[in-house]
Amino acid sequence: MAEAVVLLDLWVSPFGQRCRIALAEKGVVYEYKEQDLSNKSPLLLQANPTHKKIPVLIHDGKPVCESLIIVQYIDEVWSDGAPLLPADPYACAQARFWGDFIDKKLTIFQYAFFALAVEYIFFPLRMLEVLNLVNLSPLYYCHDSFDPNAL
Ligand SMILES: N[C@@H](CCC(=O)N[C@@H](CS)C(=O)NCC(=O)O)C(=O)O
């Protein structure tokens, strides 16, 4: 029977992308299960009760959490494919250093980008809310009950 491999993931996640690249490099066939992080599934909560985060690789019913650990696990389990990390210990340490660097530094920019994007999307609504408070809202002036003589 073929091994069951499931990836709990979210398309935009850089951590998930890391695991998808590793699985693709090794040619592993797996089931992709997109997760809604605003309403976490019982499967995600059960598979990663400590952090409750994606990605989670479930291999034959056993969950593996944390993207760098998942990548290492993929490399070790599907060892017949080309290795993901260099054989030379020093080169391997360098590769791990950059993986860790990305976790600590680059992802901060990604989070900041999304936070800013959300700010920009909601900016017009926030502006209307503030203008409404001081009766300057265009919505207020377009309202049926607006009577300029009453000013
Ligand atoms: N260190 C973790 C980070 C995983 C992570 O931050 N995942 C985010 C999505 S990109 C998540 O699941 N967030 C949900 C939450 O924080 O509740 C890894 O490398 O797998």
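Note that residues are indexed from 1 along each chain, following the sequence as it is written. In keeping with the predicted nature of the model, local features appear solely for residues at pLDDT of at least 70, side-chain atom pairs appear and are counted solely at 80 or more, and the whole-chain, interface and lining totals rest on all residues. Excluding hydrogens and water, the side-chain figures rest on all heavy atoms present in the structure.

If you look the protein chain up in an unreviewed UniProt entry, it shows as Glutathione S-transferase from Zingiber officinale. Under the heading Subcellular location (unreviewed entry), UniProt records this for the protein chain: "Cytoplasm, Cytosol". UniProt positions are given in the numbering used here, feature names are shortened, and annotations may be inferred rather than shown by experiment.

**Observations concerning helix H4 (residues 89–133)**
Counted at 1.5 Å a residue, the expected span for H4 with its 45 residues is 66 Å, and the 63 Å between its end C-alpha atoms agrees. The largest bend along H4 reaches roughly 45° and is located at Phe123, with the proline Pro124 sitting one to four residues downstream. Partly exposed describes any residue whose relative accessible area lies between the buried limit of under 20% and the exposed limit of over 50%, with all areas from a 1.4 Å probe on protein chains only and scaled to the type maximum. Here a helix means four or more residues in a row that DSSP labels H or I, a strand means two or more in a row labelled E, and each is numbered from the N terminus. Turning to H4, its buried residues number three or more, namely Cys92, Gly99 and Thr107. Here, two residues are considered to be in contact whenever any of their heavy atoms come within 4.5 Å of each other. Turning to H4, the residues buried within the fold contact helix H1 (14–26) and helix H3 (67–77). Multiplying 1.5 Å by the helix residue count minus one yields the expected span of that helix. Think of it this way: the bend at a residue is just the angle between two axes, each fitted to seven residues, one set ending at that residue and the other starting at it.

**Let's talk about the pairing of strand E2 (residues 31–34)**
In this scheme, strands are said to pair when DSSP sees at least two bridges between them. Of the pairings in the sheet, the one linking strand E1 (residues 5–9) to E2 comprises four bridges and is parallel in character. Bridge pairing in E2 places Leu7 opposite Tyr32. Seen with its strands pointing away from the viewer, a crossover is right-handed when the path leading from the first strand over the helix to the second is clockwise. Once you follow E1 into H1 and on to E2, the crossover reads as right-handed.

**Re unusual backbone geometry**
In this structure, the amide linkage connecting Ile54 to the following residue, Pro55, adopts the cis form with an omega of 0°. Note that Pro55 resides in the loop between helix H2 (42–47) and strand E3 (56–59). With phi around 55°, Lys52 is a residue other than glycine that occupies positive phi space. Mapped onto the fold, Lys52 is located in the loop between H2 and E3. At Asp60, a residue that is not glycine, the phi angle is positive and equals roughly 50°. Along the chain, Asp60 falls in the loop between E3 and strand E4 (62–65).

**Some words on the environment of Asp60**
Judged by relative accessible area, Asp60 falls into the partly exposed class, the value being 44%. Asp60 sits 55 residues away from Val5 along the chain, and the two C-alpha atoms are 6.4 Å apart. Sequence-distant contacts of Asp60, defined by excluding residues within four places in its chain, comprise Glu3 and Ala4.

**Quick word on the site of the ligand**
Ser13, Phe15, Leu37, Lys40, Lys53, Ile54, Pro55, Glu66, Ser67 and Tyr111 make up every residue found near the ligand. Glu66 places a side-chain nitrogen or oxygen 2.7 Å from a nitrogen atom of the ligand. Surface accessibility follows the Shrake-Rupley procedure with a 1.4 Å probe radius. Residue values consider only the protein chains on display as shielding. When isolated, the ligand has an accessible area of 510 Å², and the protein chains bury 78% of it. For the shell around the ligand, the per-class residue count stands at five nonpolar, two polar and three charged. Note on terminology: near, applied to a residue and a molecule or strand, indicates that one of the residue's heavy atoms is within 4 Å of it. Under this definition, polar contacts are N or O atom pairs within 3.5 Å; protein pairs additionally need one hydrogen-donor-capable and one acceptor-capable atom, and for neighbouring residues in sequence, both atoms have to be side-chain atoms. Residues are grouped as follows: Ala, Val, Leu, Ile, Met, Phe, Trp, Tyr, Cys and Pro are nonpolar; Asp, Glu, Lys and Arg are charged; all remaining types, including Gly, are polar.

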